[in-house]
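Take a look at the letters that make up each chain.
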Amino acid sequence: MKTLVSTLLLLFLGTSGYAQFRWDAGIKAGASNYLGDIGGNEHTRRDFVSDLKPGETRLSLGAFGRYRIAREISVLASYNYGRIEGDDKLSSNKGRHYRNLNFRNDIHEFALEGQYYFYTLNDLGRTYLFENNFRAYVGLGAAVFYHNPETFYDGSWVDLRPLKTEGESKPYSKICMAIPMSMGFFFTFKKQYRIGWDISWRKTFTDYLDDVSGRYASPKVLPSPLAIQLANRTGELNPPEGIAGNYVPGSKRGDKSNDDAYIFSTINLSYVFRGNGRWDHRSGWQRHDFLKRKRKTLRVRF
């Protein structure tokens, strides 16, 4: 019975010792951008970064906690803020340019993501002290975010969602889901401080980050004069006669076949929480001297 109790105690303390080193928490800052229906380059919409406008890059901030559940796997929980913007006036595509829509949207996101370390150097610099290491990873997870697009009109920013600019029967949801897909790396210094870089693409399940999705609605179904004005703003630029007919009720306003996406690229700083044990370079985890002494005692009794 004594042996059983001692063994269970060892298992508990071993798990506790590892857990004390598996945590790190920190902050991040960087850039955000988006892929959707507004702005873009000369060609029709293209996926991923090929249609991003670098000039529309904005600030991203966040905080995170990470827990290492195995040698190559961690779970990351994070809060992320990023502003995304787009403006048809900046597009070299004539059709988009004369459509003349613009927006900004502040994204507030909570995400849970698994990270797989595909490359590790446990003794960076070959110091044989195992204080500094390097890890590169890929990640996949799930996120929920809040958004509320606005447009700049008559000297101020106006909420677009209540205006139902495409004649929707009800406003689209402000709370949506996304799938984060990421890759990055970090360095650990003195076993306790980390600095890294991460880029993460967010595939969403909404086409209304920019308030543009389907076709131009008839002014008769729009709820207010302001909605009529902001649903179709081509008149502000006097488009050439050859393309003016593209912006009438029933014609294409956005691309409904592709949902919008946004991207974060950040520098990350974190602090590693660990107990008073020794560092085990083979596993990358902490081991307690007490456990080592206890094991010797148990071996004698066995």
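Every chain is numbered on its own, with residues counted from 1 as its sequence reads. The predicted origin of the model limits local features to residues at a pLDDT of at least 70 and limits the giving and counting of side-chain atom pairs to 80 or more, whereas totals for whole chains, interfaces and linings rest on all residues. Note: side-chain values were computed over all heavy atoms of the structure, leaving out hydrogens and water.

Considering the pairing of strand S5 (residues 133-146)
Every other side chain in a regular strand lies on the same face of the sheet, so the side chains alternate between the two faces. When strand S4 (residues 102-121) meets S5, the two strands line up antiparallel, connected through 13 bridges. Note that in S5 the partner of Gly-114 across the bridge is Leu-140. The pairing of S5 with strand S8 (residues 175-189) spans 12 bridges and is classified as antiparallel. Its bridge partner being in S8, Val-144 is matched across the sheet by Met-177. Paired strands, in this sense, are two strands between which DSSP finds at least two bridges. Note on conventions: DSSP H or I runs of at least 4 residues are helices, E runs of at least 2 residues are strands, and numbering of each starts at the N terminus.

Examining the packing of aromatic side chains
Pairing of aromatic side chains requires ring centres within 6.5 Å, counting the rings of Phe and Tyr and the six-membered ring of Trp. Pairs whose planes differ by under 30 degrees are stacked, by over 60 edge-to-face, and all others tilted. Counted under the stated rule, the structure contains 19 aromatic pairs. On the basis of an interplanar angle of 65 degrees and a centroid distance of 6.1 Å, the ring pair of Tyr-119 and Phe-134 is categorised as edge-to-face. Separated by 15 residues along the polypeptide, Tyr-119 in strand S4 and Phe-134 in strand S5 bring together distant segments of the chain. Their ring planes at 85 degrees and their centres at 6.3 Å tell us that Tyr-216 and Tyr-247 sit as a pair that is edge-to-face. With Tyr-216 in the loop between strand S9 (193-204) and helix H3 (225-231) and Tyr-247 in the loop between H3 and strand S10 (261-273), the pair connects residues that are 31 residues apart, well separated along the chain. For the pair formed by Tyr-216 and Tyr-247, the shared burial category is buried. An aromatic cluster of three or more residues is present, and its members are Tyr-119, Phe-134, Phe-185, Phe-187, Phe-189 and Trp-197. Two conditions define a charge located above a ring, namely a distance within 6 Å from the ring centre to NZ of Lys or CZ of Arg, and an angle within 35 degrees of the ring normal. A cation sits over an aromatic face here: Lys-203 above Phe-205, 5.7 Å from the ring centre. Remark: exposure states derive from per-residue accessible area (1.4 Å probe, protein chains only) relative to the maximum for the residue type, with buried under 20%, exposed over 50%, and partly exposed in between.

What about the side chain of Asn-268?
Relative to the helices and strands, Asn-268 is located in strand S10. A polar side-chain atom of Asn-268 sits 3.0 Å from a polar atom in the side chain of Thr-266. By the convention used here, residues are in contact when the closest approach between their heavy atoms is within 4.5 Å. If we ignore the near neighbours within four places in the chain, the residues touching Asn-268 are Ile-27, Lys-28, Phe-64, Tyr-137, Arg-194, Ile-195, Gly-196, Trp-197 and Asp-198. Think of a polar contact as two N or O atoms within 3.5 Å of one another; within protein, one of them needs to be a possible hydrogen donor and the other a possible acceptor, and neighboring residues in sequence only count if both atoms come from side chains.

Some words on the environment of Gly-141
With respect to the helices and strands, Gly-141 occurs in strand S5. On the basis of relative accessible area, Gly-141 is assigned to the partly exposed category, the value being 22%. Distance in space between the C-alpha atoms of Gly-141 and Gly-114 is 5.9 Å, their sequence separation being 27 residues. The residues contacting Gly-141, other than those within four sequence positions of it, are Leu-112, Glu-113, Ile-179 and Pro-180.

Side note on the pattern of salt bridges
Side chains that differ in sign of charge can pair as their charged atoms come close. Between Lys or Arg on one side and Asp or Glu on the other, a salt bridge is scored when a side-chain nitrogen of the former is within 4 Å of a carboxyl oxygen of the latter. Summed over the entire model, instances satisfying the criterion amount to 10 salt bridges. Two residues, Asp-24 and Arg-194, come together in a salt bridge whose shortest N-O distance is 3.4 Å. Separated by 170 residues along the polypeptide, Asp-24 in strand S1 (residues 23-35) and Arg-194 in strand S9 bring together distant segments of the chain. The pair Asp-24 / Arg-194 is uniform in exposure class, with both members buried. Via salt bridges that share partners, Asp-24, Arg-66 and Arg-194 belong to a single interconnected network.

Topic: the confidence of the model for the protein
Values of pLDDT, the confidence the predictor places in each residue, fall between 0 and 100. Chain-level statistics for the protein give a pLDDT mean of 84 and a share of 80% at 70 or above. Every residue in residues 4-19 scores below 50 in pLDDT, and together they form 16 contacts with partners more than four places removed in sequence or on other chains.

Quick look at the nonpolar core
Buried Ala, Val, Leu, Ile, Met, Phe, Trp, Tyr and Cys residues form a nonpolar core when they are joined through side-chain atoms within 4.5 Å. One finds Tyr-34, Ile-38, Ile-84, Ile-107, Phe-145, Leu-209 and Tyr-262 to be the most contacted residues of the largest nonpolar core, which totals 15 residues. Going through the elements one at a time, S4, S5, S8 and S10 are the ones with two or more residues in this core. If you tally residues by element for this core, the top one is S4, at 3 residues. Residue contacts for Tyr-262: discarding those within four places in its chain leaves Asn-33, Tyr-34, Ile-84, Ile-107, Glu-109, Phe-145, Ala-178, Ser-200, Trp-201, Arg-202, Thr-204 and Leu-209. Counting 10 residues, the second-largest nonpolar core is a separate cluster that includes Tyr-172, Tyr-208, Leu-222 and Ala-231.

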